[in-house]
Amino acid sequence: KIRADHEKALEEAKEKLKKSRDEIQAEIQTEKNKVVQELKKKDSKPLPPVPLPNLIGINSGEPADPDVREKRNKVKEMMKHAWDNYRKYGWGHNELKPIARKGHSTNIFGNSQMGATIVDALDTLYIMGLHDEFREGQEWIDKNLDFSVNSEVSVFEVNIRFIGGLLAAYYLSGQEVFKIKAVQLAGKLLPAFNTPTGIPWAMVNLKSGVGRNWGWASAGSSILAEFGTLHMEFVHLSYLTGDPVYYNKVMHIRKLLQKMDRPNGLYPNYLNPRTGRWGQHHTSVGGLGDSFYEYLLKAWLMSDKMDTEARKMYDDAIEAIEKHLIRKSNGGLTFIGEWKNGHLERKMGHLTCFAGGMFVLGADGSRDDKAGHYLQLGAEIAHTCHESYDRTTLKLGPEAFKFDGGVEAVAVRQNEKYYILRPEVIETYWYMWRFTHDPKYRQWGWEAVQAIDKYCRVSGGFSGVKDVYSSSPMYDDVQQSFFLAETLKYLYLLFSSDDLLPLDNWVFNTEAHPLPVLH
Ligand code: DMJ
């Protein structure tokens, strides 16, 4: 039998070799397509229908004032410039190099072309009424976005940009493909939770499901802002699928955190997923900590204020932060420093500037009825962050700035002087605008539009700059996907009327993807 099989295989091989190279390749391609089609059929089983939440204000926002309308149109034009150039030079790649005019990627997206910019930009395109562009993105996602790839990605980044982006696109457009892709992708992230404690790894291989942590994180730890920024998307996944698995994963993290002692009431940024112990005692409202606090507040808001456990955790955390991390500089600027092993570092990151918006968003419903206090705190942070922009040559904010030794809201180290098209300061302007309607926030937002357009715009898109204090800055040649997802969206909302995505009905994830309140 063995000999017979062998002979048969040889015959087949001989037959094949008679064919031309092109014929053989065509046959291989047909076989591949068949496999892909089979997989698609298997994966795109329709999900059980659930009633859609109240989707209010997805097609509104036209401002009455012609001057504001003009500004809003300018932001839309910038979005078009960023998208068209990505479309032309980076299509399907994760991001764009606007000067080299080719695709760009970083290790957070793994080694695969997952079209991060397309997924991140979809909802911004939708609310701006760029429907042809939205459809192009949808088509690419339908045909090309495939998660069965041997690629190690960041669980946090994929969650906030891809799952958040797909869910928002689904809610806004009602197109099933986005929901199906979000659920498929979430399934690929679940193995990251297979750790002794249930605290997920920072990275997971989408194909093998093997997870691990960043080499640089304290003693093999997972990062607070990463495992603590899954809640909103995972609750929506359970809602849309009727499968509690996602909800259970994030609630398990919350329960575990609730049981742990916190030094001075503060959450350290590092937690070891094997031992369940804190790593280095470093607390930050900027990088490594930021969106954990944001998601506690937003879990409460997204639950129509029913999740009072999340609100309590938020209130406790913010009180400790105010006590230990928030100070006033000699010049009267309120800043949020970083806590490192019992010592306050008087430095604030651009990332930390989102907290102004968070404070004002959390003012209503605050403990001891301190709404006025949090509104004021939000305004003070917005002012400080505006100063960090205003004290530069380009009127764009540095990555980090100090309040030490006579320095106020200014970057000192060369490697902290860059601006990479980040959104946080503009995000805070927008929240402050929505809650106060003080015209200075639109004024500050407009200053940022002009500076970005003047110094970051190049013919191939938008680029970050390496030194905001230099009058002839060098470009970093990266158009970050969050520029389209967040920076331009917040600017557009800032110059829209409040009936576009009203905050009573929508909660924005940390990548500015709006998810509806689940009443
Ligand atoms: C975004 O990807 C998200 O806002 C994240 O929470 C931290 N910051 C970047 C953009 O600066």
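These numbers come from a predicted model, not from an experiment.

Chemist: How should I be thinking about the side chain of His81 in this particular structure?
Modeler: Mapped onto the fold, His81 is located in helix α3 (residues 66–89). With a relative accessible area of 14%, His81 lands in the buried category. Here the side chain of His81 touches Val458 through a polar contact of 2.8 Å, landing on its backbone oxygen. At 3.4 Å, the side chain of His81 forms a polar contact with the backbone oxygen of Gly461. In contact with His81, not counting residues within four places along its chain, are Arg457, Val458, Ser459, Gly461 and Phe462.

Chemist: Explain the site of the ligand to me, please; I cannot follow it from the model alone.
Modeler: Taken together, Ile160, Arg161, Leu351, Arg422, Pro423, Glu424, Phe482, Glu486, Thr510 and Glu511 are the residues near the ligand. Arg422 has a polar side-chain atom sitting 2.7 Å from an oxygen atom of the ligand. In the environment of the ligand, an oxygen atom lies 2.7 Å from a nitrogen or oxygen atom belonging to the backbone of Thr510. Its free accessible area being 290 Å², the ligand has 92% of it covered by the protein chains. Of all the cavities here, the one that holds the ligand is the largest pocket. Contributions of two or more residues to the shell around the ligand are made by α6 (155–173) and α17 (481–494).

Chemist: Any chance you could explain the packing of aromatic side chains here in plain terms?
Modeler: Centre-to-centre distance and the angle between the planes together describe a pair of aromatic rings. This model, assessed by the stated rule, comprises 26 aromatic pairs. For the pair Phe462 and Phe483, a centre-to-centre distance of 5.0 Å together with 50° between the ring planes defines the contact as tilted. Here Phe462 is found in strand β16 (residues 461–462), whereas its partner Phe483 is found in helix α17, with 21 residues between them in sequence. Residue Phe462 shares its accessibility class with Phe483, and that shared class is buried. Put simply, the rings of Tyr267, Trp278, Phe292 and Tyr293 pair up and form one aromatic cluster.

Chemist: Please clarify how empty space enclosed by the protein should be interpreted in this entry.
Modeler: It is the rolling of a water-molecule-sized probe over the atoms that shows where space remains empty. The tally for this structure, following the rule as stated, stands at 4 cavities of 30 Å³ or more. Reported here for the largest cavity is a volume of approximately 130 Å³. What lines the largest cavity is a set of 13 residues, and nearest its centre among them are Gly228, His231, Arg254, Phe292 and Leu296. Listing elements by their share of the lining of the largest cavity, those giving two or more residues are α10 (245–259) and α11 (290–302).

Chemist: Looking at this model, I keep getting lost on the layout of surface pockets. Mind explaining?
Modeler: Within this model, the largest pocket holds a volume of roughly 1200 Å³. Around the largest pocket, the lining comprises 49 residues; the ones closest to its centre are Gly287, Leu288, Leu351, Glu399 and Arg422. Elements that contribute at least two residues to the lining of the largest pocket include exactly α6, α8 (224–227), α11, β11 (338–340), β13 (347–349), α15 (424–436) and α17. Top contributing element to the lining of the largest pocket by residue count: α6, with 4 residues. Partitioning the lining of the largest pocket into residue classes produces 18 nonpolar, 13 polar and 18 charged.

Chemist: Would you take a moment to explain the sheet that holds strand β5 (residues 211–212) for this structure?
Modeler: Hydrogen bonds between backbone groups are what pair the strands of a sheet, and the pairing can be parallel or antiparallel. Strand order in the open sheet formed by 3 strands is β3-β4-β5, and the pairing between neighbours is antiparallel. Here the strands that pair on one side only, and so sit at the sheet edges, are β3 (152–154) and β5. Direction of pairing for β3 relative to strand β4 (residues 203–205): antiparallel, over a ladder of 3 bridges. Note on β4: the bridge partner recorded for Val153 is Val204. Across the face of the sheet, α6 comes into contact with β3 and β4 while running at roughly 65° to β3.

Chemist: Help me understand the UniProt feature "active site" (unreviewed entry) in the protein chain in this model?
Modeler: UniProt feature "active site" (unreviewed entry): in the numbering of this structure it lies at Glu157, Asp290, Glu399 and Glu424. Lining residues of the largest pocket drawn from the annotated set just named are Glu157, Asp290, Glu399 and Glu424. In this fold, Asp290 is placed in helix α11. Tracing the chain through its elements places Glu424 in helix α15. The buried category is assigned to Glu424, whose relative accessible area is 8%.

Chemist: Sorry, what's going on with helix α16 (residues 439–455) here?
Modeler: For the α-helix, the turn length of 3.6 residues means that residues three or four positions removed from each other point alike. Between its first and last C-alpha, α16 extends 25 Å over 17 residues, near the 24 Å set by a 1.5 Å rise per residue. Burial in α16 covers these residues: Tyr441, Arg442, Trp444, Gly445, Trp446, Ala448, Val449, Ala451 and Ile452.

Rules and cut-offs
- Position numbers for residues count from 1 along each chain, tracking the sequence in the order it is written.
- Since the coordinates come from a predicted model, pLDDT governs what is reported: local features require at least 70, and pairs of side-chain atoms require 80 or more to be given and counted, while whole-chain, interface and lining totals use all residues.
- Only heavy atoms go into the side-chain values, all of them from the structure, while hydrogens and water stay out.
- Runs of H or I in DSSP of at least four residues are treated as helices and runs of E of at least two as strands, each being numbered from the N terminus.
- The rule is simple: take the accessible area with a 1.4 Å probe, protein chains only, and divide by the maximum for that residue type; under 20% is buried, over 50% is exposed, in between is partly exposed.
- Distance and chemistry together define a polar contact, namely a pair of N or O atoms within 3.5 Å, with one atom able to donate a hydrogen and the other to accept it when in protein, and with adjacent residues in sequence counting only for side-chain atoms on both sides.
- The contact criterion used is simple: two residues touch if any of their non-hydrogen atoms lie within 4.5 Å.
- The cutoff for a nearby residue is simple: one of its non-hydrogen atoms must lie within 4 Å of the molecule or strand.
- Here the open area of atoms and residues is found with the Shrake-Rupley method and a 1.4 Å probe, where only the protein chains shown may cover a residue.
- A pocket, in this scheme, is an open set of points on a 1 Å grid over the protein atoms alone with protein on both sides within 12 Å along at least 5 of 7 lines, while a cavity is a set where a 1.4 Å probe fits but cannot get out; residues line either one if an atom lies within 4 Å of a point.
- Any molecule with more than half of its atoms within 2 Å of a cavity's or pocket's grid points is counted as sitting in it.
- Any pair of Phe, Tyr and Trp rings, taking the six-membered ring for Trp, is counted once the centres come within 6.5 Å. Such a pair is stacked with planes under 30 degrees apart, edge-to-face with planes over 60 apart, and tilted for the rest.
- Grid points are joined across faces, edges and corners, and a volume is the space filled by probe spheres set on the points.
- In this classification, the charged set is Asp, Glu, Lys and Arg, the nonpolar set is Ala, Val, Leu, Ile, Met, Phe, Trp, Tyr, Cys and Pro, and all remaining amino acids, among them Gly, are polar.
- At least two DSSP bridges between two strands are needed for those strands to be called paired.
- A fitted line through C-alpha atoms serves as each axis, taken over the contacting stretch for helices, and the angle formed by two N-to-C directions is quoted from 0 to 180°.
- UniProt positions are given in the numbering used here, feature names are shortened, and annotations may be inferred rather than shown by experiment.
- The span expected for a helix works out to 1.5 Å for each residue beyond the first.

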